[in-house]
Amino acid sequence: MVAIAPTDTEIIVIGSGIGGLTCAAMLARYGFEVVVCESHSIAGGAAHGFERDGFSFDSGPSLYSGLSYSPSANPLRQVLDAIGEKLPCITYDTWGCCLPEGDFDTSVGASQFGEVLAQLRGAEAVAEWRQLQRIMEPYAKAATALPSLALRFDLGAVFTLGQFAPAFLQSAGEAIALAGPFSKIMDKNVKDPFVRNWLNLLCFLLSGLPADGTIAAEVAFMFSDWYRPNAVLDYPIGGSAALVNALVRGLERHGGQLLLNSHVAEVLVENNRAAGVRLRSGKIIRSHKAVVSNASVWDTLKLLPETSVPQRFRQQRQATPECDSFMHLHLGIDAAGVRSDLACHYIFVKDWEMGVSAPQNVVLVSIPSLLDPDLAPPGKHVIHAYTPGNEPYDLWQKLDRTSEDYKLQKQARAEVMWEALERIIPDIRSRAEVTLVGTPLTHERFLRRHRGSYGPGIRAGSGLFPGPKTPLAGLFCCGDSTFPGIGLPAVAASGAIAANTIAPLYKHLQLIREVISIPVAPE
């Protein structure tokens with residue numbers, strides 16, 4: 001059934017990425033009339049799922065944690081709890097590494113990585129890692145002491161965060177360091193070159209930047225989730241599409257509406273206030289309360305009339321540094337006779353000396369059908385390999401997507417992903433039945449991402465993420481342009497914070513009483 005666009009509503013959310021959907025579902029849960037305008041025919045933004053020839057693919061994220069239990073420190077799990085949605089997950093704890101040092105498996109949890117270090121680097125590196133784990137414990141407590149669902153960007157935060165203050169104040173000293181780069185903690189405590197490379201890699205996967213650009217809070221959150229006793233990783237049954245569907249269900253069950261194929265061309269401004277949107281079709285939808293943009297910082301600016309915000313604001317936001325883009329390789333393969341000890345995920349690094357953010361140097365691989373066989377036909381596997389935020393847009397911007405040069409460059413730039421996959425399944429090329437290659441231009445076109453970017457590359461210590469508010473009354477923002485970190489927890493937190501800031505304080509306090517408790521991981 002095709003949703004009919006209303007002519008007016010209380011709140012319009014532009015974009016159905018995870019940030020936009022969490023914001024919209026939370027606003028609907030608060031009792032607002034909410035309409036989400038999505039440009040494409042499917043919801044989810046960079047996290048959407050799609051099917052091809054019987055294979056179900058994740059377009060973007062494939063590594064999840066903190067979703068299979070509740071209460072959880074993961075903001076996305078907190079949002080799902082708030083809107084009353086379940087998300088059945090398969091849990092596991094191991095992934096594979098294809099590094100310059102060799103190929104091996106490692107696991108989340110308190111001890112197993114120490115065993116890997118013992119084999120690769122010896123007792124001194126193990127002792128250094130164990131010491132770092134101890135050092136990170138108070139930082140992890142500080143990073144998770146304030147639930148994101150209690151955050152808002154106004155004076156009401158004094159009340160919503162008040163009940164969590166005792167736990168936070170116990171770690172107040174560490175909280176100051178959390179705003180700085182993780183490299184300050186790492187440089188003081190880690191000397192082993194492999195451990196330093198490993199931490200830089202994890203930082204890059206968290207934020208698109210190495211340790212000297214990643215805020216310590218993100219790494220502390222990761223340590224609290226990955227390197228604790230009995231830690232597990234999660235995979236939603238049905239893939240990322242199941243996660244998106246859960247958020248859409250929550251939105252609609254609370255009275256919200258999702259409009260697909262509804263590209264927003266302009267934010268309407270009347271009497272110095274965001275008053276609605278004009279769709280590319282020409283249809284106008286007015287908003288009585290607010291407009292929330294889940295578009296990137298650069299793409300949001302394109303929607304605003306030139307004089308609607310101060311020129312200085314426009315220039316500052318336009319100058320936001322960006323992470324590079326992606327190459328994607330989606331495969332549907334014949335799995336007959338494939339080795340039986342495959343891991344669901346692999347990290348491939350070609351050369352540590354190049355740096356973790358160097359183009360064509362790091363590749364991530366996901367084989368989710370190992371966990372959820374229904375994602376592929378019987379006897380088959382789905383594979384998603386990608387270069388995570390290290391593909392320069394400049395190599396692509398002048399190419400015509402229909403040209404032979406574009407096809408040849410796709411083939412050449414995809415080669416590093418094939419190389420990584422051949423470390424795992426040597427005859428992978430002959431097994432491929434479906435082969436799809438995505439480029440920065442794919443990101444730009446289908447995800448409406450400025451220059452195909454992974455998101456803002458704001459380095460720790462050099463700038464702050466701006467939060468949900470803007471100088472234009474009635475206009476708010478959410479997504480990876482507003483909150484540190486680029487992964488799902490960060491954008492979910494951004495959506496919740498935007499919704500909380502719009503909601504009346506008394507409703508926010510009521511939600512906290514009903515939903516939030518201090519997170520405790522399962523034993």
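Each value, and the rule that gives it
- Residues numbered from 1 in each chain as written.
- Predicted model: local features only at pLDDT ≥ 70, side-chain atom pairs only at ≥ 80, totals over all residues.
- Heavy atoms only, no water.
- Helix = DSSP H or I, 4+ residues; strand = E, 2+ residues; numbered from the N terminus.
- Buried < 20%, exposed > 50% of the residue type's maximum accessible area, 1.4 Å probe, protein only.
- Contact = heavy atoms within 4.5 Å.
- Axes fitted to C-alpha atoms, helices over the stretch in contact; angles between N-to-C directions.
- Left-handed = near helix turned anticlockwise from the far one by under 90°.
- Nonpolar A, V, L, I, M, F, W, Y, C, P; charged D, E, K, R; others polar.
- Pairing = 2+ DSSP bridges.
- Polar contact = N/O pair within 3.5 Å; in protein donor to acceptor, adjacent residues only side chain to side chain.
- Arc of directions from axis to C-beta.
- Core = buried A, V, L, I, M, F, W, Y, C linked by side-chain atoms within 4.5 Å.
- Salt bridge = Lys/Arg side-chain N within 4 Å of Asp/Glu carboxyl O.
- pLDDT = per-residue confidence, 0-100.

**Points about the overall build of the protein**
And step 1. A tally of regular secondary structure across the protein gives 19 helices and 18 strands.
And step 2. Seen through its principal axes, the protein has C-alpha atoms that stretch 65 × 60 × 45 Å.
And step 3. Expressed as a percentage of its 523 residues, the buried residues of the protein come to 58%.
And step 4. Put simply, 74% of the contacts in the protein that link residues at least 6 apart link residues at least 24 apart.

**Considerations on the packing of helix α1 (residues 18–30) against helix α18 (residues 488–502)**
And step 1. Contact pair α1 / α18: the axes reach a minimum separation of 7 Å and the direction vectors enclose 35 degrees. The two elements α1 and α18 meet at a crossing, and its hand is right-handed. Across the interface between the two elements, I18, G19, T22, C23, M26, L27 and Y30 of α1 pack against L488, V491, A492, S494, G495, A496, A498, A499, N500 and I502 of α18.
And step 2. Looking at the contact of α1 with α18 residue by residue, the class counts come to twelve nonpolar, five polar and no charged.

**A short note on the pairing of strand β13 (residues 325–334)**
And step 1. Most of β13 is tucked away, with nine of its ten residues classed as buried.
And step 2. The pairing of β13 with strand β17 (residues 432–438) spans six bridges and is antiparallel. By the bridge assignment for β17, G332 is matched with V434.

**A look at the side chain of S16**
And step 1. Within the element layout of this structure, S16 appears in the loop between β1 (8–14) and α1.
And step 2. Polar contacts involving the side chain of S16 include one to the side chain of E38, which spans 2.7 Å.
And step 3. Aside from chain neighbours lying at most four places away, what touches S16 is L21, V36, E38, I42, A43, G44, G45, L258 and N294.

**What to know about helix α13 (residues 311–318)**
And step 1. Listed in full, the buried residues belonging to α13 are F313, R314 and R317. Seen from one end, α13 has its buried residues packed into an arc of 100 degrees, which puts them on one side. Opposite its buried face, α13 presents the exposed residues R312 and Q315, each directed more than 90 degrees away.
And step 2. Of the surrounding secondary structure, the elements contacted by the buried residues of α13 are α12 (297–302).

**Focus on the nonpolar core**
Soluble globular proteins tend to bury their nonpolar side chains together.
And step 1. If you look at the biggest cluster of nonpolar residues, it comprises 112 residues, and the most contacted ones within it are I18, W129, F182 and W198.
And step 2. Tallying contributions element by element places α1 first for this core, with nine residues.
And step 3. The contacts of I18, once residues within four sequence positions are left out, are G44, A47, L76, L243, V244, L247, N294, L488, V491 and A492.
And step 4. Y393, W396, V416 and I425 belong to the second-largest nonpolar core, a separate cluster that totals 29 residues.

**Examining the pattern of salt bridges**
And step 1. On inspection of all chains with the given rule, the structure shows 24 salt bridges.
And step 2. In this structure, R249 engages E85 in a salt bridge whose closest nitrogen and oxygen atoms are separated by 3.0 Å. Here R249, found in helix α11 (residues 240–253), pairs with E85, found in the loop between α2 (75–82) and β5 (89–92); they are 164 residues apart in sequence, far enough to count as distant.
And step 3. Between R286 and E270 there is a salt bridge, and its shortest N-O distance comes to 2.5 Å.

**Examining the confidence of the model for the protein**
And step 1. Looking at the protein as a whole, the pLDDT averages 92, with 97% of positions reaching at least 70.
And step 2. Here residues 518–523 is a poorly scored stretch, pLDDT under 50, and it has 14 contacts once near neighbours within four places are set aside; other chains count.

**Some words on the environment of C344**
And step 1. Note that C344 resides in the loop between β13 and β14 (345–349).
And step 2. In this structure, the C-alpha to C-alpha distance between C344 and A358, residues 14 residues apart in sequence, is 25 Å.
And step 3. Apart from residues lying up to four places away in sequence, C344 is in contact with Y92, V365, S366, I367, P368, L370 and L371.

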